Amino acid sequence: MKNKKASRYLAFDALKGLKEAIVSVDEFTAKEKFPYISEEERNEMDILIYKSYLRKEAIYISYYYKGKIKEICDVVCKIDAIHHRLFLMIHGSIPFASITQLRLKDSI
């Protein structure tokens, strides 16, 4: 019985280059490092968040999530200074600390 089960998986061992392909995929999906953001840049981002919130304008937000930097466009609904989170109309909430870059929609 064990031989039959083992023989099912032998076909995968016979694929040439499978292990190399798996390693290359792992390298491709490697985690990015969180970029350094100065205090001055943080202050500029705070101003952009506040402008977007007051005007109810869409803002492009780049943020760090699970080793990747993702970008979304959304409208700020609420700024939670106590829990350090930004609440968005469509995408839920994002911690302030994970935000890497901001730009207003009209400044593309």
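For the structure itself, consult the block above.
Residues numbered from 1 in each chain as written. Predicted model: local features only at pLDDT ≥ 70, side-chain atom pairs only at ≥ 80, totals over all residues. Heavy atoms only, no water.

### Section: the pairing of strand β2 (residues 68-80)
Strand residues, when the strand is regular, have side chains that alternate between the two faces of the sheet. As paired strands, strand β1 (residues 58-65) and β2 are joined by 8 bridges and run antiparallel to one another. Directly across from tyrosine 65, in β2, lies its bridge partner lysine 68. Between β1 and β2, which pair antiparallel one after the other, the connecting turn spans 2 residues, and lysine 66 there sits at a positive phi close to 50°. Connecting the antiparallel pair β2 and strand β3 (residues 85-88) is a turn made up of 4 residues, with histidine 84 showing a positive phi of about 55°. (Pairing = 2+ DSSP bridges. Helix = DSSP H or I, 4+ residues; strand = E, 2+ residues; numbered from the N terminus.)

### Re helix α3 (residues 39-55)
When the terminal C-alpha atoms of α3 are compared, their 25 Å separation across 17 residues agrees well with the 24 Å that a helix rising 1.5 Å per residue should span. Turning to α3, its buried residues are Met45, Ile49 and Ser52. Viewed end-on, α3 has its buried residues packed into an arc of 65°, placing them on one side of the element. Looking at α3, the residues exposed on the side facing more than 90 degrees away from the buried face are Glu39, Glu40 and Leu54. Looking at the buried residues of α3, the elements they touch are β1, β2, β3 and β5 (99-104). (Expected span 1.5 Å × (residues − 1). Buried < 20%, exposed > 50% of the residue type's maximum accessible area, 1.4 Å probe, protein only. Arc of directions from axis to C-beta. Contact = heavy atoms within 4.5 Å.)

### A closer look at the nonpolar core
Of all hydrophobic cores here, the largest spans 14 residues; its most connected members are Ile61, Leu86, Leu88, Ile94, Ile99 and Leu102. Looking at this core, the elements with two or more residues in it are α3, β1, β2, β3 and β5. Apart from residues lying up to four places away in sequence, leucine 86 is in contact with Ile49, Ile61, Val76, Lys78, Ile79, Gly92, Ser93, Ile94, Phe96 and Ile99. (Core = buried A, V, L, I, M, F, W, Y, C linked by side-chain atoms within 4.5 Å.)

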